[in-house]
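Okay, here's what each chain looks like letter by letter:
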Amino acid sequence: MKESFKISYNAKRALTSKKWAWQYWGAIIDGKWWWVNILIVLASMFDAALLIARAVWGCHPFPYLRIATLVVSVLLLWRTSVVIKVLNTIFCLRKQETRITCSQIVLLVVIGLFIVALVEFLNPRKDSPEAIMLGGAGLVLGWIFQDTIKSVAAFLYLRLNGLLMIEDWIEVPSYGVDGIVKGVSLTTVTLENWDTTTSAIPTFVLQSQHFKNNQKMLEGKTHGRQMLKTFVVDTGWIQYLEGEELSTLRQRIEDLSPSMKGFFDYHLKKLKEDNPAADKVLNIQLYRHYIYHWLMQHEHVSHKPRLIVRWLEQVDEGLPLQVYCFITDSKLDSFEWQQSQIIEHIVESMAWFDLQLYQRTSGYDASNNTITMVEEQPNHKKGQSL
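Residues numbered from 1 in each chain as written. Predicted model: local features only at pLDDT ≥ 70, side-chain atom pairs only at ≥ 80, totals over all residues. Heavy atoms only, no water.

Enquirer: Sorry, what's going on with the side chain of Gln 104 here?
Expert: Position of Gln 104 relative to the elements: it lies in helix H5 (residues 97-122). Side-chain polar atoms of Gln 104 contact the side chain of Asn 88, separated by 3.3 Å. (Helix = DSSP H or I, 4+ residues; strand = E, 2+ residues; numbered from the N terminus. Polar contact = N/O pair within 3.5 Å; in protein donor to acceptor, adjacent residues only side chain to side chain.)

Take a look at the structure:
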């Protein structure tokens, strides 16, 4: 009992080491099958020495060498898969990217050795029934495990090219996956979704289908996180502003947004230069310029790679205003907070320019509507305060 406890303690201690050799040794002696692992390692070394001696010096092999080689390779594959599974869990938790790749390559090499041992054991001759059966079995197994084979190739492609790392935030639209990578193996990628659920997808999916890696953006290595919002303006509120309306609007904006002081004088001057005969300004034109320059001066909005405020094609509901910018706070909570504040300001400032968002009529609106059958000019400013 004491000896078993001592070995278990040493295994845990080796697994927590930062050196890869100690981690491998800890995984080998971990668990109740530790003595089997050691025997298999020794048997594998002895068998490999016999095969090398036979190939180099032509030594006469002992009887049943092929059977022994096949048995050792089967046991080696079984225990290697268990050991690599333990190591891969530890490597993923510690984000030891190189060791994750190396451990999976070791498992792949052992699988290759098992296949070689199996072929050597069968020793089929050319055009013999054994060779035909082996080829047919290979075709059938290749068809059955085609996804596994593709996943192995995808794993090597993704890892060697640095396209997938532990703790990366990826999106796979075709599978509805959106979360953080928690584990990578030859055949499976495990993710933790934003709703704290867990998803597992075949590795080959990330090579054969589109996926998006958001990690660089999340770490602030880009210009920011994209904000793309569209606001549909009711065209019934589009009108000209002139005289006292412009003066009141200028005063309101300069009081609420001191950073926009001088905005009106500059743009009215530019509009005058473009059209000297004009003595009034279209409210949607002035509003678009205002939103653009307000975003230009916003401390959490990046000027790169693009900052666009534009009108889109007219739709049945009205005229869409699209805001396309990048917020420098890329973390989820900070980004959503800044985005919400920007949206609130865009909606609030519409009233300053006598504009209103389109909203489909509801049952409440119908039940509380009073229709007056009199000739009366529409009042666009009804319900609005500057």
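More follows now that the structure is in view.
Enquirer: Any chance you could explain the environment of Ile 40 here in plain terms?
Expert: Its place among the elements puts Ile 40 in helix H3 (residues 34-57). Relative accessible area serves as the criterion here: at 6%, Ile 40 is assigned to the buried category. Beyond its immediate stretch of four places on either side in the chain, Ile 40 contacts Leu 75, Leu 76 and Arg 79. (Buried < 20%, exposed > 50% of the residue type's maximum accessible area, 1.4 Å probe, protein only. Contact = heavy atoms within 4.5 Å.)

Enquirer: Explanation requested: unusual backbone geometry in the structure shown.
Expert: Note: most residues except glycine have negative phi, and most peptide bonds are trans. A cis amide bond links Lys 304 with the next residue in sequence, Pro 305, at an omega value of -5 degrees. A positive phi angle, close to 75 degrees, is found at Glu 167, a residue other than glycine. Mapped onto the secondary structure, Glu 167 falls in the loop between helix H7 (146-160) and strand E1 (169-172). With phi around 70 degrees, Thr 196 is a residue other than glycine that occupies positive phi space. Relative to the helices and strands, Thr 196 is located in the loop between strand E3 (188-193) and strand E4 (198-202).

Enquirer: Can you help me understand the packing of aromatic side chains in this one?
Expert: Each aromatic ring pair is described using two quantities: the centre-to-centre distance and the angle formed by the ring planes. Counted according to the given criterion, the structure contains five aromatic pairs. A centroid spacing of 5.3 Å and a plane angle of 90 degrees characterise the contact between Trp 169 and Trp 194, whose relative ring orientation is edge-to-face. Taken together, the residues Trp 169 in strand E1 and Trp 194 in the loop between E3 and E4 connect sequence positions 25 residues apart. Residue Trp 194 is classed as partly exposed on the basis of its relative accessible area, which comes to 42%. When the centroid spacing of 5.3 Å and the interplanar angle of 65 degrees are considered together, the rings of Tyr 287 and Phe 353 count as edge-to-face. Taken together, the residues Tyr 287 in helix H12 (residues 283-296) and Phe 353 in the loop between helix H13 (332-350) and helix H14 (363-367) connect sequence positions 66 residues apart. Among the aromatic side chains, those forming a connected cluster through ring pairs are Tyr 287, Tyr 290, Trp 352 and Phe 353. It is Arg 79 that lies over the ring of Trp 78; its NZ or CZ is 4.7 Å from the centre. The lysine or arginine in question, Lys 150, covers the ring of Phe 204, its NZ or CZ lying 4.7 Å from the ring centre. (Phe/Tyr/Trp six-rings, centres within 6.5 Å; stacked < 30°, edge-to-face > 60°. Lys NZ or Arg CZ within 6 Å of the ring centre and 35° of its normal.)

Enquirer: Would you mind going over the sheet that holds strand E5 (residues 212-213) with me for this structure?
Expert: What links the strands of a sheet is backbone hydrogen bonding, and the strands pair in either a parallel or an antiparallel sense. Strand order in this open sheet of five strands is E4-E3-E2-E1-E5, and the pairing throughout is antiparallel. Because the sheet does not close on itself, it has two edges, and the strands there are E4 and E5. Both E1 and E5 contribute to a ladder of two bridges, which runs antiparallel. Within the sheet, the bridge partner assigned to Ile 170 lies in E5 and is Asn 213. (Pairing = 2+ DSSP bridges.)

Enquirer: Help me out: how do you make sense of the nonpolar core in this one?
Expert: Generally speaking, soluble globular proteins have nonpolar side chains that are buried together. Residues Tyr 290, Leu 295 and Phe 353 are the most contacted members of the largest nonpolar core, which totals 33 residues. For this core, the leading source of residues is H12, giving seven residues. In contact with Leu 295, not counting residues within four places along its chain, are Val 301, Leu 307, Val 309, Val 323 and Ile 342. By size, the runner-up hydrophobic cluster in this structure holds 30 residues, among which are Ala 27, Leu 158, Ile 170 and Val 177. (Core = buried A, V, L, I, M, F, W, Y, C linked by side-chain atoms within 4.5 Å.)

Enquirer: Just to check I follow, could you spell out H7 for this structure?
Expert: For an α-helix the count is 3.6 residues per turn, leaving residues at separations of three or four pointing the same way. Here H7 contains 15 residues, and its C-alpha end-to-end distance of 21 Å stays within 8% of the 21 Å for a straight helix at 1.5 Å per residue. Its buried side turned inward, H7 meets H5, strand E2 (177-184), E4 and helix H8 (205-208). Phi turns positive, to about 65 degrees, at Gly 162, one or two residues after H7. (Expected span 1.5 Å × (residues − 1).)

These figures capture arrangement, not role.
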